[in-house]
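Next come the chains, spelled out residue by residue.
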Amino acid sequence: MAHDSLPPEAREMQRIVYHRFGEADELSLETAAVPLPGTGQVCVRVAGAGLNPIDWKTRKGLGFAARQIESHLPWTPGYDMAGEVIAVGDEVTTLAPGDRVMGMIGFPGDGGGYAQYALARADELAIVPEELDLVSAGAVPLAALTAWQGLFEVAELEPEQKVLIHAGAGGVGHFAVQFALERGAHVIATASAANRDFLNALGVHEVIDYATMDFVDECYGLDVVLDLVGGDIGRRSLHTLSEHGVLVTIPTVTADEIISSAEAMGLKAHGMTVRPEVFHLEEIAELIEDGDVRVHVERVFPLAEAGAAQQQLERGHGRGKLVLDCR
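Let us look at the structure shown here. Computed from a predicted model, the values in this text were never measured in an experiment. (Residues numbered from 1 in each chain as written. Predicted model: local features only at pLDDT ≥ 70, side-chain atom pairs only at ≥ 80, totals over all residues. Heavy atoms only, no water.)

Comments concerning the overall build of the chain
Move 1: Along the chain, the regular secondary structure elements total eleven helices and 15 strands.
Move 2: Its C-alpha radius of gyration of 20 Å places the chain within 12% of the 20 Å reference for a compact globule of 327 residues.
Move 3: Dimensions of the chain along its principal axes, counting C-alpha atoms only, are 65 × 40 × 35 Å.
Move 4: When each of the 327 residues of the chain is scored for burial, the buried share is 54%.
Move 5: The contacts of the chain with a sequence gap of at least 6 include a subset with a gap of at least 24, amounting to 68%.
Move 6: Entry remark: accessible area of the chain is about 13,700 Å², with carbon and sulfur atoms responsible for 47%.
Move 7: Taking the average location of the 23 positive side-chain charges in the chain and that of its 49 negative ones, the two points are 6 Å from each other. (Helix = DSSP H or I, 4+ residues; strand = E, 2+ residues; numbered from the N terminus. Rg over C-alpha atoms; globule rule 2.2 N^0.38 Å. Buried < 20%, exposed > 50% of the residue type's maximum accessible area, 1.4 Å probe, protein only. Contact = heavy atoms within 4.5 Å. Areas by Shrake-Rupley, 256 points an atom, 1.4 Å probe, with all protein chains shown as cover. Lys, Arg positive; Asp, Glu negative; His and termini not counted. Charge placed at Lys NZ, Arg CZ, Asp CG, Glu CD.)

This is the structure:
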């Protein structure tokens, strides 16, 4: 495919790049040619690119994704995006120009979501529900897939089980509490006092203010803990499990020590790494379409302010998701 096969306005684009690991000021806005889709790929005009903790950790050179890209800098971050298909490569039969799509793309080595145009494999993308605008849709894939796979694949959460979700108002957390409620579980979440009303409005049964209450004193005999914080929170959470309960810890940095602590106590704990899975994403899209799951975007930043957006994410204690408007 040649560039003259793209729409005339889609020959050049702006994207965020960093040339070395470091602080947020390493992120710069650069001009590049719009990428051409290869076999099995599509080119998407990006509307919204979601931010996730892995973005700033990788930028700092931390974690497994940084090991994947350290010899391939400069690099454009971003694993979450939603937008409109503008071109399709060979052997793509499921999507066509004009389709509204969202997906977790280029994970972990390619990225590319922080840009006006991005390449994605066709099998990474799901159709965006008409009820959801494309900027907000960029908030969905990675966080929602993390929540879905942690609860249902790893923990195998069942109706009427009791689940504790740490950081329940955050990017992954606000999806996790809604998925667990939709499955018919009894949902407990830790959060700040400022997010109590937000979680109550989502239907959470019990909200524990982590600043004034000790969740270990409040919870016992749990079937599932979804630990989105890690470290000491994850280790202490083991004391809330029933003898047959399971803890799923998401932060990779402390997963091994939490799993070792669980084994020493005769309990089950697992780490996990999210993966692109279009069938899961389609199920999530259906819940959004039916009004059973809400997407909460706390703030939208222009693409050029990606550094400020990552700094806000790094400070933590947010509600829902932060998104870049790449239009």
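Description of the nonpolar core
Side chains that are nonpolar tend, in soluble globular proteins, to be buried together.
Move 1: Val-140, Phe-179, Leu-199 and Leu-324 are the most contacted members of the largest nonpolar core, which totals 91 residues.
Move 2: Tallying contributions element by element places helix α4 (residues 141-154) first for this core, with eight residues.
Move 3: What Leu-199 contacts, discounting residues up to four positions off in sequence, is Gly-168, Ala-169, Val-177, Ala-189, Ala-191, Val-204 and Val-207.
Move 4: Core analysis: the second largest hydrophobic core is formed by 15 residues, Leu-164, Leu-222, Ile-259 and Ala-269 among them. (Core = buried A, V, L, I, M, F, W, Y, C linked by side-chain atoms within 4.5 Å.)

Some points on the pairing of strand β15 (residues 321-325)
Move 1: Among the five residues of β15, four are classified as buried, and the element is accordingly described as predominantly covered.
Move 2: Where strand β3 (residues 41-50) meets β15, three bridges bridge the pair, whose relative direction is antiparallel. Within β15, the position partnered with Gly-48 by the bridge is Asp-325.
Move 3: With five bridges joining them, strand β14 (residues 297-302) and β15 adopt parallel strand pairing. Residue pairing in the sheet places Phe-301 in a bridge with Leu-324 of β15.
Move 4: Remark: the β14/helix α11 (residues 306-315)/β15 crossover connection has right-handed handedness. (Pairing = 2+ DSSP bridges. Right-handed = clockwise from strand over helix to strand, strands pointing away.)

Observations concerning the packing of aromatic side chains
What describes a pair of aromatic rings is the distance from one ring centre to the other and the angle between the planes of the rings.
Move 1: Scanning the model with the defined rule gives eight aromatic pairs in all.
Move 2: Ring centres 4.9 Å apart and planes at 75° place the aromatic pair Tyr-79 and Phe-107 in the edge-to-face group. You can see Tyr-79 sitting in the loop between α2 (63-69) and β4 (80-88) and its partner Phe-107 sitting in the loop between β5 (100-104) and β6 (117-121), a full 28 residues away along the chain. Residues Tyr-79 and Phe-107 agree in their burial class; the two are buried. (Phe/Tyr/Trp six-rings, centres within 6.5 Å; stacked < 30°, edge-to-face > 60°.)

Considerations on the sheet that holds strand β10 (residues 206-209)
Move 1: Here six strands make up an open sheet; going across it, the order is β10-β9-β8-β11-β12-β13 and the pairing parallel. Only two strands of the sheet have a single partner each, and these edge strands are β10 and β13 (268-271). On average, adjacent strands in this sheet sit at an angle of 15° to one another, irrespective of strand direction.
Move 2: Where strand β8 (residues 162-165) and strand β11 (residues 222-227) come together, three bridges link them in parallel fashion. Bridge pairing in β11 links Ile-165 to Leu-226.
Move 3: Lying over the sheet, helix α9 (residues 255-264) contacts β11, β12 (241-249) and β13, oriented at roughly 165° with respect to β13. (Axes fitted to C-alpha atoms, helices over the stretch in contact; angles between N-to-C directions.)

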